[in-house]
Amino acid sequence: MKFHWVIAAAVAVAVAPPVSAQQPIVIKFSHVVAVNTPKGKGAEYFKKLAEERTGGKVKVEVYPNSQLFKDGEEMEALQLGSVQMLAPSVSKFGPLGAREFEIFDLPYVFDNFDELHKVTDGPVGKALFKKLESKGITGLAYWDNGFKDMSANKALRKPEDMKGLKMRIQSSKVLESEMRAYGALPQVMAFSEVYQAMQTGVVDGSENPPSNFYTQKMHEVQKYLTLTDHGVIEYAVIVNKKFWDGLPADIRTALEGAMKDATKYANDISKKENDDALAAVKASGKTEIIKLTPEEKAAWKKAVIPVHKENEARVGKDTLETVYKETGFKS
Ligand code: LMR
C-alpha cells in the first residue's frame with residue numbers, strides 16, 4: 001500500500017510542469033469607462049508593463065466599460081476576490097463605509113491638478129488608503145480624470161438654472177448636497193445606465209469630465225454642456241488585499257513598479273485627453289458648449305460653498321483643514 005503512494009508521488013512530481021510553463025497569475029482589472037479615456041489607457045499601459053516586467057508570469061485581463069461589473073457591484077466583487085483590481089472614482093467609497101474619500105467631491109476645492117496632487121500624494125491620500133485595509137482592500141495609486149462640467153438639455157448659465165432638474169450623480173452624499181444646494185434633484189445611478197437615462201428623460205442632466213461625456217456619447221443626448229469645472233473625478237486604483245499580500249515578493253515588487261509608471265502615464269495624459277474630448281464634443285455640433293465669465297463662475301461657486309460646512313463632519317474636520325492648507329483654498 002505504502003509503495004503505491006510513493007509511486008503516485010513520484011509520478012506527480014514527474015508530470016508537474018516546469019516553473020516556466022506554469023499557469024500565469026491572472027489579475028482581472030475591471031473598470032466602468034471606455035478604453036479611450038485616461039483611466040482606460042492607464043489600465044492598458046499597466047497591463048503592458050506588468051506582463052513585460054514579470055516575463056509573462058502575470059497576465060492582466062482588463063475589462064472596460066462595465067463589461068464585468070457595474071459600479072455599485074464592483075467593490076463587493078473585489079472584496080470577494082472575483083476580481084483582483086479596480087479603479088473606481090473615489091466618490092464611490094461611501095457605501096463601503098469609507099466616506100472620508102468624499103472630501104474630493106467637495107465643490108471648488110481644487111483649481112488645478114497641482115493642488116489635487118498635493119492631497120493625493122500627501123498625508124491625506126495615504127491616510128485614506130489606510131482606511132481601506134480593514135475592508136480587505138489595498139490602495140495602490142491615485143489616477144486623475146479631470147474637472148467636471150454640468151450638462152443638461154437646458155442651457156445652464158446661472159446656478160438657478162439647475163432648479164428642479166433631475167441630475168444623475170455617483171453614490172456620494174457630498175454630491176447629493178452639491179446638487180441640492182443648486183436646487184436640483186440628485187439621482188444616484190450606475191455609470192453604465194446614464195446614457196439611456198438621458199435619452200429617455202429619466203434624468204435631465206449630469207456632471208462629468210469631457211472624457212467621460214464624449215466617450216459615453218452623452219453629446220448625442222444632451223444639448224448643453226456648461227464649463228463649470230466645479231469638481232474633480234479622481235480614481236483610486238485598488239486591489240484585493242489578500243491576493244496582493246499573497247503574491248511572491250519579487251512579483252509584487254515588479255507590479256508596484258509597473259503601477260508607479262502607469263500612474264505617471266495616466267496622470268500625464270489626463271488633461272490632454274479631456275481637452276481633446278471637449279474639442280470632439282464641439283466638433284460633433286450636437287452639444288452647445290457654454291463658457292462662463294469669471295463673474296458667472298463665481299456665482300456657481302458661491303451657491304455651492306455651504307456644502308463644505310454641511311459635510312465637515314462627514315469628511316472629517318481635521319482632514320478638511322489639511323486639504324484647505326495644502327490647496328490654499330479660500331472660499
Ligand atoms: C461616474 O460614475 O460618473 C464616474 O465615476 C465614472 C468613472 O469611473 O469615471
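Residues numbered from 1 in each chain as written. Predicted model: local features only at pLDDT ≥ 70, side-chain atom pairs only at ≥ 80, totals over all residues. Heavy atoms only, no water.

Visitor: Tell me about the overall build of the chain, and please be specific about residues and values.
Guide: Tallying secondary structure elements over the chain gives 14 helices and 11 strands in all. Computed over its C-alpha atoms, the radius of gyration of the chain comes to 22 Å, within 12% of the 20 Å expected for a compact globule of 331 residues. C-alpha atoms of the chain, sized along the principal axes, occupy 85 × 45 × 35 Å. The long-range fraction of contacts in the chain, counting pairs at least 24 apart against all pairs at least 6 apart in sequence, stands at 77%. Accessible surface, the chain as shown: approximately 15,200 Å² in total, 55% of it carbon and sulfur. Side-chain charges of the chain comprise 46 positive and 44 negative groups, with the mean position of each set lying 2 Å from the other. (Helix = DSSP H or I, 4+ residues; strand = E, 2+ residues; numbered from the N terminus. Rg over C-alpha atoms; globule rule 2.2 N^0.38 Å. Contact = heavy atoms within 4.5 Å. Areas by Shrake-Rupley, 256 points an atom, 1.4 Å probe, with all protein chains shown as cover. Lys, Arg positive; Asp, Glu negative; His and termini not counted. Charge placed at Lys NZ, Arg CZ, Asp CG, Glu CD.)

Visitor: Describe helix H2 (residues 38-53), with residues and values.
Guide: Compared with an ideal rise of 1.5 Å per residue, which puts 16 residues at 22 Å, H2 spans 22 Å between its outermost C-alpha atoms and is within 8% of the ideal. Of all the residues in H2, the buried ones are Pro-38, Lys-39, Gly-40, Gly-42, Ala-43, Phe-46, Leu-49 and Ala-50. The positive-phi residue at the C-terminal boundary of H2 is Gly-55, with phi of around 55°. (Expected span 1.5 Å × (residues − 1). Buried < 20%, exposed > 50% of the residue type's maximum accessible area, 1.4 Å probe, protein only.)

Visitor: Describe the site of the ligand, with residues and values.
Guide: Taken together, the neighbourhood of the ligand is formed by Val-32, Val-33, Lys-39, Ser-89, Lys-92, Arg-168, Gln-170, Phe-191, Asn-208, Asn-212, Ile-233 and Tyr-235. For the ligand, an oxygen atom lies 2.7 Å from a polar atom in the side chain of Lys-92. Protein coverage of the free-state accessible area of the ligand, which is 270 Å², stands at 100%. Looking at side-chain class alone, the shell around the ligand contains five nonpolar, four polar and three charged residues. (Near = heavy atom within 4 Å. Polar contact = N/O pair within 3.5 Å; in protein donor to acceptor, adjacent residues only side chain to side chain. Nonpolar A, V, L, I, M, F, W, Y, C, P; charged D, E, K, R; others polar.)

Visitor: Quick one: what's the story with the nonpolar core, residue by residue and with numbers?
Guide: Phe-93, Phe-101, Leu-132, Met-162 and Ile-238 are the most contacted members of the largest nonpolar core, which has 52 residues in total. Ranked by residues supplied to this core, first place goes to helix H5 (residues 123-133) with four residues. Ranked by size, the runner-up nonpolar core spans 39 residues in total, among them Ala-87, Ala-197, Val-221 and Ile-251. (Core = buried A, V, L, I, M, F, W, Y, C linked by side-chain atoms within 4.5 Å.)

Visitor: Before we move on, can you summarise the pattern of salt bridges with the specific residues and values?
Guide: For the coordinates displayed, the defined rule picks out 22 salt bridges. Note that Lys-70 and Glu-193 form a salt bridge whose closest N and O atoms lie 2.6 Å from each other. Here Lys-70 is found in the loop between strand S2 (58-63) and helix H3 (74-80), whereas its partner Glu-193 is found in the loop between strand S7 (185-188) and helix H7 (194-200), with 123 residues between them in sequence. Taking the relative accessible area as the measure of exposure, Lys-70 reaches 27% and is therefore partly exposed. (Salt bridge = Lys/Arg side-chain N within 4 Å of Asp/Glu carboxyl O.)

Visitor: Go over the pairing of strand S1 (residues 25-30), please, and point to the residues and values.
Guide: Within a regular beta strand, the side chains point alternately toward one face of the sheet and then the other, so they alternate between its two faces. Bridging between S1 and S2 involves six bridges; their strand directions are parallel. Residue pairing across strands places Ile-25 opposite Val-58, the latter belonging to S2. Crossover S1 to S2 through H2 is right-handed. Sheet topology note: the S1/strand S3 (residues 85-86) ladder contains two bridges and is parallel. Looking across to S3, one finds that Ser-30 is bridged to Leu-86. (Pairing = 2+ DSSP bridges. Right-handed = clockwise from strand over helix to strand, strands pointing away.)

Visitor: Which residues make up the environment of Leu-78, and what are the values?
Guide: The residue Leu-78 is located in helix H3 in this model. Since its relative accessible area comes to 0%, Leu-78 is described here as buried. Residues Leu-78 and Asn-240, 162 residues apart in the sequence, show an inter-C-alpha distance of 5.8 Å.

Visitor: Which residues make up the pairing of strand S6 (residues 166-169), and what are the values?
Guide: Here S6 runs beside S7; their pairing, made up of four bridges, is parallel. Within S7, the residue paired with Ile-169 across the bridge is Val-188. Remark: the S6/helix H6 (residues 173-181)/S7 crossover connection has right-handed handedness. Pairing of S6 with strand S8 (residues 205-208), which is carried by two bridges, proceeds in the parallel orientation. Bridging from a neighbouring strand, Met-167 pairs with Gly-205 of S8.

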